[in-house]
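Listed below, chain by chain, are the residues.
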Amino acid sequence: MVRTIEGTEALTADMTAWRRDLHAHPETAFEEERTSDFVAEKLASFGLEVHRGLAKTGVVGLLRNGEGPAVAFRADMDALHIHEQTNLPHASRNPGRMHACGHDGHTAMLLGAARHLSAHPNFQGTIAFVFQPAEENEGGGRVMVEDGLFEKFPVEQVYGMHNWPGLEVGKIALRPGPIMAAYDIFELTLTGKGTHAAMPHLGTDTILAGTQIVNAWQTIASRSVHPVDSAVVSVTQFHAGDTWNVLPATAVLRGTTRTFRKEVQDMVERRMGELAKAIASGFGVEAEMRYERRYPSTVNEAGATELARRAAAGVVGESGLDLDPMPSMGAEDFAFMLQQRPGCYVWVGAGSSDGGRNLHSPHYDFNDAVLPIGLSYWVRLAETVLPRAA
């Protein structure tokens, strides 16, 4: 049974209005100017000390209540380059941009927590409410860290949250250790000798070499990775040629890999390069590999996870907890913050994903029934990780 904090009804109405306003005005990585203004104005109206400029559009609101430890609560603010197809009254007014991952809801819930905790500071210490830009692909979390987030706002722990379609509303999932995968990208350029398609013996076929490389890369997870470890190698682009009767001199393959452990990540990168060069050489083709590590694995610290578990149980009860969720091969740049400070990242159930209402779908909309649950989790977490006010 869900036990939300007192005063939830009024706060939920406001959070719903905030969330839908943000949804209607989505902004993508490092362009969250209106969103940043919206967040800063709200935090200032709650009486928080507002700081701006980290990672260009990031906002940090400080709430101090006497002497004590300091913690950070983080929400992401950015949208995706997706054309919304929900036809809702609050649908995106910015063509080609959409809050298809629920960051509008994350921002609204953390704003609601800031408002409640500023009015009812039942803790001693400091909370840094971190509103981060550019979580989608561009590593805003990394940029905030590089810009001195934890030097300017020294905290002992950092916590994050994401809504999770497919997990029942009223459930919260968390676990110590890896919960989301490392996210890397790659680009392989194959260079051979182009020729007439009717005379393949006069050239070197980059397309044939590329298809063999794609197949060989799929053996990495099944034959090079330990059976109890996980890895994904996905080729998502194959660009070659532009006419019917020419074997092209170049081909470009791009895609992504996902892993949990650094040792596996290192091995996948190495094996991809080895296989690509060996196969290309066998076909008389040159291979140039670019491999870029984007996000590390999101790893929850055991002590912080136990504190998050206690806070979550205070909201959804022990029966509402999933303490052994299957880690996701999706990625999250909150990982950069967890590399700097111990903390925990949780999934809050968002209900059914039927009808294409998955994350990153043009039919997705954040489930407003989650708002009071997320708000209550943040408040209970503040009261759990910080000493109670005297």
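Because the structure is a prediction, the values reported are computed rather than measured.

Focus: the nonpolar core
Soluble globular proteins: nonpolar side chains tend toward being buried together.
At step 1: Core analysis: the largest hydrophobic core is formed by 63 residues, its most contacted members being Phe73, Phe129, Phe131, Tyr159 and Tyr377.
At step 2: Per-element tally for this core: the top contributor is helix H10 (residues 371-385), with nine residues.
At step 3: When sequence neighbours within four positions are dropped, the list of residues in contact with Tyr377 reads Tyr159, Met161, Ile172, Ala308, Ala311, Ala312, Val315 and Val346.
At step 4: Within the second largest apolar cluster, 26 residues are counted, among which are Leu54, Met144, Trp164 and Leu167.

Section: the UniProt feature "domain: Peptidase M20 dimerisation" (unreviewed entry) in the protein chain
At step 1: On the UniProt side, "domain: Peptidase M20 dimerisation" (unreviewed entry) is annotated at positions that read residues 186-278 here.
At step 2: End C-alpha to end C-alpha, residues 186-278 measures 17 Å, and it is 39% helix and 32% strand.

As for helix H8 (residues 302-316)
At step 1: In this model, H8 (15 residues) spans 20 Å end to end at C-alpha, consistent with the 21 Å of a helix rising 1.5 Å per residue.
At step 2: Considered for burial, the residues of H8 that qualify are Ala304, Thr305, Leu307, Ala308, Arg309, Ala311, Ala312, Ala313, Val315 and Val316.
At step 3: Those residues of H8 that are buried lie in contact with strand S5 (157-164), strand S6 (172-173), strand S14 (298-300), strand S15 (321-322), strand S16 (343-349) and H10.
At step 4: Looking at the residues trailing H8, positive phi occurs at Gly317, about 80°.

Points about helix H7 (residues 262-282)
At step 1: Compared with the 30 Å implied by 1.5 Å per residue over 21 residues, the 30 Å span of H7 between its first and last C-alpha is a close match.
At step 2: Those residues of H7 that are buried lie in contact with strand S8 (182-191), helix H6 (206-224), strand S10 (231-240), strand S12 (250-259) and strand S13 (286-295).
At step 3: One or two positions beyond H7, positive phi appears at Gly284, with a value near 75°.

Overview of the pattern of salt bridges
At step 1: Scanning all chains against the criterion turns up 29 salt bridges.
At step 2: Measuring nitrogen to oxygen at the nearest pair gives 3.8 Å for the salt bridge that ties Arg74 to Asp76. Each member of the pair, Arg74 together with Asp76, is buried.
At step 3: A salt bridge links Arg175 to Asp324, with the shortest nitrogen-to-oxygen separation between them at 3.5 Å. Of this pair, Arg175 sits in the loop between S6 and strand S7 (177-180) while Asp324 sits in the loop between S15 and helix H9 (335-340), and the two are 149 residues apart along the sequence.
At step 4: Through salt bridges with shared partners, a single network forms among Arg19, Arg20, Asp104, Asp365 and Asp368.

Brief notes about the side chain of His23
At step 1: Among the structural elements, His23 can be located in helix H1 (residues 8-24).
At step 2: Apart from the residues within four sequence positions on either side, His23 is in contact with Glu84, His90, Ala91, Ser92, His99, Asp104, Tyr364 and Asp365.

Thresholds, definitions, all that
- Residues numbered from 1 in each chain as written.
- Predicted model: local features only at pLDDT ≥ 70, side-chain atom pairs only at ≥ 80, totals over all residues.
- Heavy atoms only, no water.
- Core = buried A, V, L, I, M, F, W, Y, C linked by side-chain atoms within 4.5 Å.
- Buried < 20%, exposed > 50% of the residue type's maximum accessible area, 1.4 Å probe, protein only.
- Helix = DSSP H or I, 4+ residues; strand = E, 2+ residues; numbered from the N terminus.
- Contact = heavy atoms within 4.5 Å.
- UniProt positions renumbered as here; feature names shortened; annotations may be inferred.
- Expected span 1.5 Å × (residues − 1).
- Salt bridge = Lys/Arg side-chain N within 4 Å of Asp/Glu carboxyl O.

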